[in-house]
Every structure is written in structure tokens, then in C-alpha cells.
Amino acid sequence: MSPVTPTHNDDLVLLGREPISADALVRHVRQSHDGAVVTFDGCVRNHSRGRATLYLEYESYESMAFEKMKEIAASLHTLFAIDSVAIAHRLGRLEIGETSVFIAVSAPHRKAAFEACRHAIDTLKKTVPIWKKEFFADGAIWADGELPPVPAATPAAKPAS
Amino acid sequence: MQARVLFFGKLKEIAGAPERSVEFRPGETIAELFERCASQKPELAAFRSSVVASRNQEFAPWTTVLASGDEVAFLPPVSGG
């Protein structure tokens, strides 16, 4: 998957169309000074609100989404006593059972790794501009989502000109 | 002055295109830019309260004053994960 950008320490952030290699992400964050790796594997479910899902399609505002994912990874280091982070999100058509998002967090101790991984997926679902379309036998709908928080207006929000 | 306007998700389907260039006057805000888009595609107007905007890839309030060359996106509720 690309692009591949090292952020904090050995963090890894991926956004692309190729299948996600969970093993590679876990290997990436797991170092000899870690005592825990916590992962979140978000996968495509075969039903939504009582209807049978055929497949999903993800699209994103790619450049902004990639930056927002990097911001999440960076924020985990300030909020939790963790070692490193790997976050990958897939785009395009995904079949039932495939991984759409995978997060791996390593830490010396498990508590921080659990909390950071939970924070990462919760924040991703609220702030990263990615959209999911659900396809059913009788049609397709854009999934309900969350409206990202927007900073309050400030006088400084004027252009330099 | 001109802005590059991007639409995503459901909004892209309603706008009929993923992006377009929109002319605006100096001092106009993101809210006014949205109104210009909605005047061309009236179905967009109904989504005003259920989208957020970004300016140059940062979430931005509707009152943000635009500069020429800005990239503005109208973003429906996000549903990644």
C-alpha cells in the first residue's frame, strides 16, 4: 500500500486499495522493549440493519484523510505511554470478511496499548474523511456517519491577502 | 477569485461531479460558496445542516473568509472504519 510515511518514531500510516497485511503491521510495531501489542481489526460485516450486505465501497478525500490519520497516530504518543502505532485503512471495493481498517499499538504495558487502540479507532471514525457505501441485493446506500467536529470561528481565520 | 470545490460521498452524486471551479467575490465565506453551488444544484441546499466544510484540507467554520486558489471540500458525515 502507499503512500508510506514514517511519522513519530516508527509509526506507520497506510491508505490504499491493496489488502491490509495485519501480520506486517503487528511486526512493525512489536519491539523487544514492548510488553504488549493491542490490535483492532475492522472487517466487512455481512449484514446492516437487518439487510444482507453484498459488499462495501470506500472512498476518501485521500490527501486530507492521510494527514488526519497521521495526526491520530501522533496524538496517541502525547495521550498514552505507548511505543509505536500502525494504522491502515483500505479504499475501493471490499468483500464480506475483508479487513477495512487495522490498528496496532505497542507499549511497555498493556493498559496504555488498550486505551490508545480504542482511542485511535474511535477518533478515526469521527474525524477522518472516508465514506462507506453499502451494497445490497436491491440497491445501495451511503452509510450513516458522524459529522466531524469543526474548530470555532476565530478572527485569525482570514486570508493573508 | 476562484476556488476549487470538492464533493464527496452522497454530495458528489448530488453535485453530479467530484469537483468544480467556482468564482466568488473578495470577502466571501465558505457559507456563501456553498450557496453559489446550491444555486446551480438546488438539491444541495437541503444538505447545508448535515455537512461540514474543509479549507485547504483542514476542517473550517462556515464563516471562514476565502482566498483565491483555496481548495474547499463539502464533507458529509464520515463513515470510515
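Residues numbered from 1 in each chain as written. Chains lettered and ligands numbered in written order. Predicted model: local features only at pLDDT ≥ 70, side-chain atom pairs only at ≥ 80, totals over all residues.

Counting secondary structure elements, chain A contains three helices and 10 strands. The secondary structure elements of chain A, listed N-terminal to C-terminal, are β-β-α-β-β-β-α-β-β-β-α-β-β. C-alpha extents for chain A along the principal axes are approximately 50 × 50 × 25 Å. Across chain A, the fraction of contacts at a sequence separation of at least 24, relative to all contacts at a separation of at least 6, is 73%. (Helix = DSSP H or I, 4+ residues; strand = E, 2+ residues; numbered from the N terminus. Contact = placed C-beta atoms within 7 Å.)

A separate point is the interface of chain A and chain B. Facing the 33 residues of chain A at the interface are 24 residues of chain B. By residue class, the composition of the side of chain A that touches chain B is 20 nonpolar, six polar and seven charged. (Nonpolar A, V, L, I, M, F, W, Y, C, P; charged D, E, K, R; others polar.)

Okay, the confidence of the model for chain A next. Here chain A averages 92 in pLDDT, while 90% of its residues score no lower than 70. The low-confidence segment residues 2-6 of chain A, where pLDDT is below 50, has seven contacts with residues more than four positions distant or belonging to other chains. (pLDDT = per-residue confidence, 0-100.)

Turning our attention to the sheet that holds strand E1 (residues 2-7) of chain B. Residues and elements named next belong to chain B. Overall, mixed pairing links the five strands, which are arranged E2-E1-E5-E3-E4 in an open sheet. Here the strands that pair on one side only, and so sit at the sheet edges, are strand E2 (19-23) and strand E4 (58-60). If you compare each strand with its neighbour and ignore which way they point, the axes differ by 35° on average. Relative to E2, E1 runs antiparallel, the two being bridged by five bridges. Note on E2: the bridge partner recorded for Arg 4 is Ser 21. (Pairing = 2+ DSSP bridges. Axes fitted to C-alpha atoms, helices over the stretch in contact; angles between N-to-C directions.)

All right, on to the pairing of strand E2 (residues 12-16) of chain A then. All names here are of chain A. Counting buried residues along E2, four of its five residues qualify, which places the element largely inside the surrounding structure. Taken together, the five bridges between E2 and strand E6 (residues 84-90) define a ladder with parallel strand orientation. For Leu 15, the partnering residue across the bridge sits in E6 and is His 89. (Buried ≥ 20, exposed ≤ 12 C-beta atoms within 10 Å, placed from the backbone.)

Let us now look at the packing of helix H2 (residues 62-79) of chain A against helix H3 (residues 110-127) of chain A. Residue and element names in this part refer to chain A. Two numbers describe how H2 lies on H3: the axes approach to 10 Å, and their chain directions differ by 145°. Two packed elements cross with a definite hand, and for H2 against H3 that hand is right-handed. Residue-level inspection shows Lys 68, Met 69, Ile 72, Leu 76 and Leu 79 of H2 in contact with H3, the latter providing Ala 116, His 119, Ala 120, Thr 123, Leu 124 and Thr 127. Each residue belonging to the contact of H2 with H3 can be placed in one class, and the counts come to seven nonpolar, three polar and one charged. (Left-handed = near helix turned anticlockwise from the far one by under 90°.)

Mapped onto the elements of the fold, B:Arg55 is located in strand E3 (residues 52-55). Not counting the four nearest positions on each side in its chain, B:Arg55 is found in contact with B:Ile30, B:Ala60, B:Thr64, B:Asp70 and B:Val72.

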